[in-house]
Amino acid sequence: MAGFTIFAVIVLAVGAVGLLFQKNGEFAGLGRPAKRGGLRAPHGRLVRTKRLDTFEDLPFSAKFPQAFLVTFAITVVIGALCLFGVLSLVSVVPVSLDILCVTVAACCLTQADAGVVRAFAYALFGYMAAAVLATIVGMAAGAGVDMVNALTMVAGTLGASAAVAWMPLVRTYAREFEDGHVNVIKVSAKSAAARAFDPLCDQAWKPPADRIADAEAAENLREHMKKRADDLDERSKSYGRTDEGDAAAPDKPAKSGRSAKRGARLGRR
């Protein structure tokens, strides 16, 4: 138990530090003036932004039915398998299968670039929160195991659907800083960073084409620079091997005395 507690504390600490660095990057150049080059403003003050995506968020009332119809159909199919004796509703198999299928289906119903991990986290948290609550209510009411499992599956499906329907969109912004540095960042549409970026939006601004190729410009740029660095390293290594080979190549052996005399006679003839 102590080992698990220590592991949980370490995981939470690492997650908290990662979140802190993420938020620091989102708010770089915002807020009270800070020294350029510091952690809060590595490139100075944020001058302007531009929203690159064209996604418009739909209301919860429009997104929830779309998600629930698909996920609830999965739960109905699993319930039918239990009804016909293929699965046993008193075991953990139907509930486990429902969790897996519903969360995966809910992830597929989210925004295309929302991120698999982000969508899965929302769907899984929504399912588990509603399922735990339903299990507690069913056990308190004295229901049987089969009824508790059925209630858990239906409530979990509702929770997962509601979570992905509530999940904010991911917005992509180009940012220009005081020193001319330009990059791309993705933030939640309901985050404080998005609210800070919107007043600085300049839709007439055309960011540099080499930095803003598309919505994945930041990732593409990092991959391009890494590939370029690897190519340069490989090229320098190949040049080093060529130079070493030339330096280590032995000179042509001198002709032996007999060969030299024979050559001299042929020359006199």
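Structure first, text after, so check above.
Residues numbered from 1 in each chain as written. Predicted model: local features only at pLDDT ≥ 70, side-chain atom pairs only at ≥ 80, totals over all residues. Heavy atoms only, no water.

Chemist: How should I be thinking about the sheet that holds strand 1 (residues 46-51) in this particular structure?
Modeler: What holds strands together in a sheet is hydrogen bonding between their backbones, with the strands either parallel or antiparallel. The strand order across the open sheet formed by three strands is 1-2-3, and the pairing between neighbours is antiparallel. On the outer flanks of this sheet lie strand 1 and strand 3 (182-188), each paired with one strand and no other. Put simply, the sheet's adjacent strands are angled 35 degrees from each other on average, direction ignored. Judged from the five bridges that link them, strand 1 and strand 2 (residues 170-177) form a sheet pairing that is antiparallel. Along strand 2, the bridge assignment pairs R48 with E176. (Pairing = 2+ DSSP bridges. Helix = DSSP H or I, 4+ residues; strand = E, 2+ residues; numbered from the N terminus. Axes fitted to C-alpha atoms, helices over the stretch in contact; angles between N-to-C directions.)

Chemist: For this particular structure, what's the right way to read the pattern of salt bridges?
Modeler: Opposite charge on two side chains permits them to pair, given that their charged atoms come into close proximity. Counted by the stated rule, this structure contains three salt bridges. The shortest N-O distance in the salt bridge between R48 and E176 comes to 2.5 Å. Of the two residues, R48 is situated in strand 1 and E176 in strand 2; the sequence distance between them amounts to 128 residues. Residue class for R48 comes out partly exposed when judged on its relative accessible area of 26%. With a relative accessible area of 16%, E176 lands in the buried category. Across the pair R48 and D202 runs a salt bridge, and its minimum N-O distance is 3.4 Å. In this pair, R48 sits in strand 1 while D202 sits in the loop between helix 6 (192-197) and helix 7 (217-248), placing the two residues 154 residues apart along the sequence. For D202, a relative accessible area of 27% corresponds to the partly exposed category. (Salt bridge = Lys/Arg side-chain N within 4 Å of Asp/Glu carboxyl O. Buried < 20%, exposed > 50% of the residue type's maximum accessible area, 1.4 Å probe, protein only.)

Chemist: Explanation requested: the packing of helix 3 (residues 93-108) against helix 4 (residues 116-140) in the structure shown.
Modeler: Geometrically, a packed helix pair is captured by the angle between its two axes and the distance between the axes. Contact geometry for helix 3 and helix 4: axes closest at 9 Å, N-to-C directions at 135 degrees. Between helix 3 and helix 4, the angle is such that the two are oblique. Regarding helix 3 and helix 4, the two cross each other, and that crossing is right-handed. Note on element contacts: helix 4 touches helix 3 through V116, A119, F120, A123, L124, Y127 and M128, opposite V95, D98, I99, V102, T103, A106 and C107. Across the contact of helix 3 with helix 4, the residue classes tally to twelve nonpolar, one polar and one charged. (Parallel < 35°, antiparallel > 145°, perpendicular 65-115°, else oblique. Left-handed = near helix turned anticlockwise from the far one by under 90°. Contact = heavy atoms within 4.5 Å. Nonpolar A, V, L, I, M, F, W, Y, C, P; charged D, E, K, R; others polar.)

Chemist: Even after reading the chapter, I still don't get the packing of aromatic side chains, so can you show me in this structure?
Modeler: To describe a pair of aromatic rings, one takes the distance between the centres and the angle between the planes. Inspection of the entire model under this criterion finds five aromatic pairs. Pairing F68 with F72 gives two aromatic rings, centres 5.1 Å apart and planes at 25 degrees, and the pair type is stacked. Of the two residues, F68 and F72 both sit in helix 2 (residues 60-83), four residues apart, roughly one turn of that helix. Residue F72 is classed as partly exposed on the basis of its relative accessible area of 31%. Seen in terms of ring centroids, Y122 and W166 are 6.2 Å apart; in terms of plane orientation they differ by 40 degrees. Their pairing is tilted. With Y122 in helix 4 and W166 in helix 5 (residues 145-166), this residue pair connects regions lying 44 residues apart in the sequence. Put simply, the rings of F60, F64, F68 and F72 pair up and form one aromatic cluster. (Phe/Tyr/Trp six-rings, centres within 6.5 Å; stacked < 30°, edge-to-face > 60°.)

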